[in-house]
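Close look at the chain arrangement
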Amino acid sequence: MSTPSTFRAWVIDRSEGKNDVELKTLTPDDLPHEGDVLVRVLYSSLNYKDGLAVTGKGKILRRYPIAPGIDLAGVVEESSSPRYKPGDKVILTGWETGETYWGGYSQYVRVRSETLVPLPDGMSPKHAMSIGTAGLTAMLSVMALEKHGFDKEREVVVTGAGGGVGSLSVILLSRTGCKVVASTGRQELHDWLKECGAQEVIGREELSRDGNPLESGRWGGAVDTVGGKTLAGILRGVALHGTVAACGLAGGATFTTTVFPFILRGVKLIGIDSNYCPNDVRTEAWNRLGELLDEQTLDKLTQVRPLSEVPELSEEILAGRIRGRVVIDVQS
């Protein structure tokens, strides 16, 4: 398919101290020129960081003008890199995409070949964006628990379980044989989370309340997407030699704890970085995601929305009204 003379993209510019967000009609010459691969974007996704960028409620964007969207999946149109040729299907998440570099809310992007990952066999671009950064972060969290050790005989808790990272973590952990407890502040999601694989669902207040420096070691491990007092509450209840994968801050960027879980139980707190994760680790994670997640499962988790609705959806995700994953049909 030849590159059209014009295409659409959400473009954010800044003037008088605030962001201006506009759905523009552009030409290929309007794209930034860094990058050796031109990709026709088929699908993107909606993440919490995207909501912050589009609404201007977070300091996410590092240059202007820019197209936001930290995820994309599409087809190579042009390439001067030996790694890819026209027609190859590719995924791009992280690497400051949609922050410093032109992002996925654009029907075409020019990207650096070293930031791309080949679409795994049997995975569609839509499937890939149902997973997106959220699924990659969830898989990296599970891989961190496996690498650093946790007690699979005990329960593993997932916080913020109603969101993209949380719900995918519940599914992945349950499919690797873990007994998963999902934590959420939304009562209406309890039955849905059990359908995702949670054996039990608890309210977020059970983890965010004040408590003793150490509590009974209920958790063999944890995936925490919330941070703040919730992370402190988890650490108090992790069993001997358990691991906590920390990958979010929806509940706050700071927390107060003691050294007791670390020096008396050998608890490990591991940070998950999906933005700058090396490509060999990304490839391993994407291949495992392809093995563990099928399209039927992801369809139940996902809603597909057109490119035009990005601003409204950004407000929705920041307000905590999004369940699961939102895929953006960029060509619609």
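The structure displayed is predicted, hence computed values, not measured ones. (Residues numbered from 1 in each chain as written. Predicted model: local features only at pLDDT ≥ 70, side-chain atom pairs only at ≥ 80, totals over all residues. Heavy atoms only, no water.)

Once that is clear, we can look at the overall build of the protein. Each helix and strand counted, the protein has ten helices and 15 strands in total. In terms of overall size, the protein behaves like a compact globule, its C-alpha atoms giving a radius of gyration of 20 Å where 332 residues would be expected to give roughly 20 Å. Seen through its principal axes, the protein has C-alpha atoms that stretch 65 × 45 × 35 Å. The contacts of the protein with a sequence gap of at least 6 include a subset with a gap of at least 24, amounting to 72%. Summed over all atoms, the accessible surface of the protein reaches about 14000 Å², with 48% contributed by carbon and sulfur. Of the side-chain charges in the protein, 37 are positive and 42 negative, and the distance between the mean point of each set is 4 Å. (Helix = DSSP H or I, 4+ residues; strand = E, 2+ residues; numbered from the N terminus. Rg over C-alpha atoms; globule rule 2.2 N^0.38 Å. Contact = heavy atoms within 4.5 Å. Areas by Shrake-Rupley, 256 points an atom, 1.4 Å probe, with all protein chains shown as cover. Lys, Arg positive; Asp, Glu negative; His and termini not counted. Charge placed at Lys NZ, Arg CZ, Asp CG, Glu CD.)

All chains considered together, the criterion is met by 18 salt bridges. Glu99 serves as the salt-bridge partner of Arg62, at 3.5 Å between the closest nitrogen and oxygen. Taken together, the residues Arg62 in the loop between helix H1 (48-55) and strand S4 (71-79) and Glu99 in the loop between strand S5 (89-93) and strand S6 (108-111) connect sequence positions 37 residues apart. The class for Glu99 is buried, based on a relative accessible area of 3%. (Salt bridge = Lys/Arg side-chain N within 4 Å of Asp/Glu carboxyl O. Buried < 20%, exposed > 50% of the residue type's maximum accessible area, 1.4 Å probe, protein only.)

Under the counting rule described, the total for this entry stands at two aromatic pairs. A cation over a ring is seen here: Arg112 above Tyr101, with NZ or CZ 4.0 Å from the ring centre. (Phe/Tyr/Trp six-rings, centres within 6.5 Å; stacked < 30°, edge-to-face > 60°. Lys NZ or Arg CZ within 6 Å of the ring centre and 35° of its normal.)

For the rest of this paragraph, the subject is the pairing of strand S11 (residues 219-224). With respect to burial, S11 is a largely interior element, six of its six residues being buried. By the bridge criterion, four bridges tie strand S8 (residues 155-158) to S11 in an arrangement that is parallel. Note that in S11 the partner of Val158 across the bridge is Val223. Summarising the sheet, S11 and strand S12 (residues 238-246) pair through five bridges and their orientation is parallel. Opposite Gly221, over in S12, you have Thr243 as the bridge partner. (Pairing = 2+ DSSP bridges.)

Between helix H2 (residues 125-148) and helix H3 (residues 164-175), the least distance of the axes is 8 Å, while the angle of their chain directions is 50°. Between H2 and H3, the angle is such that the two are oblique. Like other packed secondary-structure pairs, H2 and H3 cross with a definite hand, here right-handed. Across the interface between the two elements, Ser130, Ile131, Ala134, Gly135, Thr137, Ala138, Met139, Val142 and Leu145 from H2 touch Gly164, Val165, Leu168, Ser169, Leu172 and Leu173 from H3. Within the contact of H2 with H3, the residues separate by chemical class into ten nonpolar, five polar and no charged. (Axes fitted to C-alpha atoms, helices over the stretch in contact; angles between N-to-C directions. Parallel < 35°, antiparallel > 145°, perpendicular 65-115°, else oblique. Left-handed = near helix turned anticlockwise from the far one by under 90°. Nonpolar A, V, L, I, M, F, W, Y, C, P; charged D, E, K, R; others polar.)

Moving on: a negative patch on the surface. Among the surface-exposed residues, Asp13, Glu16, Asp20 and Glu22 lie close enough to one another that they form a single negatively charged patch. Examined against the element boundaries, Asp20 turns out to sit in strand S2 (residues 18-26). (Patch = residues over 30% accessible without salt bridge, like charges linked within 9 Å, V, L, I, M, F, W, Y side chains within 5 Å.)

What follows concerns the sheet that holds strand S13 (residues 268-271). Within the open sheet, the six strands sit side by side as S10-S9-S8-S11-S12-S13. Their pairing is parallel. What marks the edges here is a single partner per strand, and that holds for strand S10 (200-203) and S13. When strand polarity is set aside, the average angle formed by the axes of neighbouring strands in this sheet is 20°. Across the sheet, H2 touches S8, S11, S12 and S13, and the angle it forms with S12 is around 150°. Docked against the sheet, H3 engages S8, strand S9 (179-184) and S11, running at close to 160° with respect to S8.

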